[in-house]
Amino acid sequence: MLKFCRRLRLTEYFADKESEEDDSLVRNKSTFIPNTGRNKCLDDYIENLSNYPLTPIKVNHNLTKGEKSALQNLRNDKSIVIKQADKGGAIVIMDSDYYRIKVEEQLNDSTFYSEIPDNIDHLVKRRMNTVLNKYTTATTEKEYDYLKNFERKTSNFYGLPKIHKSKEIQSAINSQQNEYIKVQKPTDLKLRPIIAGPASPTHRLSNFLDIILKPLCKYVPSYIRDDINFLSHLPKIAPVHAR
């Protein structure tokens, strides 16, 4: 409701203003709300609309009370971790201590990971701001604001169980022949590392670069847009080679 009323005020405020050309590819969401008093009819309409009692909409849930209670209990159970499998669409329920051990095993592999003493998000952000300030003419004012002014959060690490590569799990699948497979802490299970950083210091820069570079991808000879485009590249007749 509040968004709708704000949209009404913006529409009325900019109705008699000429639109200015803006080539910005990205921008922060505007928080500007025009003051009241410009149009009494609109002010009265918005006030009545804001104070209009809303009747709660009855939603028919597709879960029973028991099922919803069971889901809530699973969500609150700190002794287990529920993850989607890396491949196959299966759901894996793991003991939280076991999951923590597997994550630590992966992060302690010094071949691929190294520990840093401090969080360097602020350092990355400062370096980005230095580059933005150095090349101010390379971006519009709104693009500069989008890349510089936002709330950042430290990325999270988690792992998706690669059950398709665990011999112990595959053996259990073959022997149990059931929709639900139970395995006691397989020793050969590996995790696919995922870094979830929807608000990391570089996530907006990555989005900006993606917008710039995406139109150029089609000029790369190896570019494949999607599966339909891939099929169009296949020959109508494939030669058969004798083995």
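Fair warning: this is a prediction, and the values are worked out from it, not measured in the lab.

### What to know about the packing of aromatic side chains
- What the rule picks out here adds up to 1 aromatic pair.
- Lying over the aromatic face of Phe150, Lys125 brings its terminal NZ or CZ to 4.9 Å of the ring centre.

### Here we look at the side chain of Thr139
- Checked against the element boundaries, Thr139 lands in the loop between helix H5 (121-134) and helix H6 (141-148).
- Leave out the neighbours within four places in its chain, and Thr139 touches Tyr144, Leu147 and Phe208.

### Re the packing of H6 against helix H8 (residues 203-217)
- Running from N to C, H6 and H8 cross one another at 140 degrees; their axes reach a closest spacing of 8 Å. By the angle class used here, H6 and H8 are oblique. Note on element contacts: H8 touches H6 through Arg204, Leu205, Asn207 and Phe208, opposite Glu143, Tyr146 and Leu147.
- In terms of residue class, the contact of H6 with H8 is built from 4 nonpolar, 1 polar and 2 charged.

### Some points on the packing of H5 against H6
- Relative to each other, H5 and H6 sit at 170 degrees, their axes nearing to 10 Å. Taken together, H5 and H6 sit at an angle that is classed as roughly antiparallel. Judged by the sense of rotation from one axis to the other, the crossing of H5 with H6 is left-handed. For the pair H5 and H6, contact is made by Lys125, Met128, Asn129, Leu132 and Asn133 and by Tyr144, Leu147 and Lys148, respectively.
- A per-class count over the contact of H5 with H6 returns 4 nonpolar, 2 polar and 2 charged.

Rules behind the numbers
Residues numbered from 1 in each chain as written. Predicted model: local features only at pLDDT ≥ 70, side-chain atom pairs only at ≥ 80, totals over all residues. Heavy atoms only, no water. Phe/Tyr/Trp six-rings, centres within 6.5 Å; stacked < 30°, edge-to-face > 60°. Lys NZ or Arg CZ within 6 Å of the ring centre and 35° of its normal. Helix = DSSP H or I, 4+ residues; strand = E, 2+ residues; numbered from the N terminus. Contact = heavy atoms within 4.5 Å. Axes fitted to C-alpha atoms, helices over the stretch in contact; angles between N-to-C directions. Parallel < 35°, antiparallel > 145°, perpendicular 65-115°, else oblique. Nonpolar A, V, L, I, M, F, W, Y, C, P; charged D, E, K, R; others polar. Left-handed = near helix turned anticlockwise from the far one by under 90°.

Without other data, these values stay purely geometric and don't point to any function.
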